[in-house]
Amino acid sequence: MRLTSPKTLTLFASVLASGVLGAGCHSHKDGSASGGPGAGSGDSLILSSSNPLVRQGQLTDISAVISGFPALIDGWDLLMDPGGQLIALDDPSRVRLVVGDPGVYIVQATDSEARAGVLDLIVQPTDASLIVTQVILGTDEDDVAARMTVSGPDHFVADRVGDASAIQHLARVRRDGVRELEVMLPFKVDDIAADELGHVMVLRPGPTLTDALLRVDRDLVEQGGFAAPDLEGALWSSVIAVTRTGRTVLATNRNGGQLIQLEADGSPVGGSLDASALPLPVPFADVVDLTAGLDDEIYVATATAIERILPDGTVDYGRWDPADQVAILAIDADACGVLHVALQDSDGGQCGSIRQLNWLGGEIRRLSDFLDPDSLRFAARKVINPQDIAAYSDGSWRMYDDTVSVHPTWTSASWIVAGDVPQP
């Protein structure tokens, strides 16, 4: 049922505002009716959700239309919410809902003619199983290096099992762990990141960024026509991110620390390095990982904190600051507004864990145990030392874990690719 004293939150003009909408309402001074041409007082205000299946901690954008046209909304209300928050967007016909606990959420929109539309959402719990999808064998003395990324339905992995002289592999992997395609590389891979079209950026050691950054297609073939700029003596980090619109982002020490954005052909966004630059809110030497969010915002992780930078350069400080015993190792964001964090910690006596954060930076849950469908291979398993993490657009994800905890009869070490599979 609806609350008798609903929370009323007002839409204010702001691009990707990170604050929660405040109380109150406003009306249009020109007296124009909501909706497009032909909208009259008898037309219904219809609300719809951009995400048909919303889970705990995820977000969805709510749109309001009248007669098929975007409606000019005076006020957005949360009539019922188990911990939800409304966030302003730059379009008065839309608002962003960040959900909290599972349950029923009721969103209401009201236009200047007092027409109201209501949308009921049932938010599902994040019940899921962290399961093994692939086992990679080595020896007890072997080291492991692995980087991961996702592009649409494809999961890409760059890994090396053994010392620095071991062969480097780059693979396209199905969700069930089967490697559809794999190539051997004659160089070490520092990081990989992909866009929504299947282009994979590969960062390798090199004397200049032009030499170090290349692009391969879905079939792992290097693509021509890409050339990153020379950073004119500046250093760049060993991690990269690619936004949903295809821009590659690197952390550099230019001018005391900047994020540099590159177009699909490698040229700087805006035509120059200075024009492409966004602020780097942490010391360059402390950067552990980068990832891009739903609206091309950039998340920068150090070992102890995560910051967010909006496309206009606004910095959202202190996005997440875990306990002192935690060391962040890798991050990735999905299209549902959830940030996935792989880290080492001593919480509960374990060596590693996966944390999930909502779009506002609040922690949703912590995972440290996973299952193996083949019970003969493993006893109960714990996350030991996650190397990297990659999230699919639907909110499921994969991690690469370095561990020696294998079946008691085995004498070799193994590396586990495990995934979180949401229940239907």
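Structure's up top.
This structure is a prediction, so every number in the text was calculated from the model and none was measured.

## Description of unusual backbone geometry
Then, in step 1: Even without being a glycine, alanine 114 presents a positive backbone phi close to 65 degrees.
Then, in step 2: If you trace the backbone, alanine 114 turns up in the loop between strand E8 (103-111) and strand E9 (116-123).
Then, in step 3: We classify alanine 114 as exposed; its relative accessible area is 62%.
Then, in step 4: For aspartate 296, which is not glycine, the phi torsion reads 70 degrees and is therefore positive.
Then, in step 5: For aspartate 296, the position within the fold is in the loop between strand E22 (289-292) and strand E23 (298-301).
Then, in step 6: Overall, the relative accessible area of 17% leaves aspartate 296 in the buried class.

## Re the pattern of salt bridges
Then, in step 1: This model, assessed by the stated rule, comprises 19 salt bridges.
Then, in step 2: As a salt-bridge pair, lysine 188 and aspartate 190 come within 2.9 Å of each other at their nearest N and O atoms.
Then, in step 3: Residues joined in a network through salt bridges with shared partners are Asp61, Arg94, Arg96 and Asp295.

## Some words on the sheet that holds strand E18 (residues 236-242)
Then, in step 1: A sheet is described by the order of its strands in space; here four strands give the open sequence E18-E19-E20-E21, paired in antiparallel fashion. The open sheet has two free edges, formed respectively by E18 and strand E21 (278-279), since each of these has just one partner strand.
Then, in step 2: In this structure, strand E20 (residues 258-262) lies alongside E21, joined through two bridges in antiparallel fashion. For glutamine 258, the partnering residue across the bridge sits in E21 and is proline 279.

## Points about the environment of threonine 208
Then, in step 1: With respect to the helices and strands, the residue threonine 208 is situated in the loop between strand E16 (200-203) and helix H1 (209-212).
Then, in step 2: Separated by 28 residues in sequence, threonine 208 and tryptophan 236 have C-alpha atoms that sit 9.4 Å apart.
Then, in step 3: If we ignore the near neighbours within four places in the chain, the residues touching threonine 208 are Asp230 and Trp236.

What counts and how
- Residues numbered from 1 in each chain as written.
- Predicted model: local features only at pLDDT ≥ 70, side-chain atom pairs only at ≥ 80, totals over all residues.
- Heavy atoms only, no water.
- Helix = DSSP H or I, 4+ residues; strand = E, 2+ residues; numbered from the N terminus.
- Buried < 20%, exposed > 50% of the residue type's maximum accessible area, 1.4 Å probe, protein only.
- Salt bridge = Lys/Arg side-chain N within 4 Å of Asp/Glu carboxyl O.
- Pairing = 2+ DSSP bridges.
- Contact = heavy atoms within 4.5 Å.

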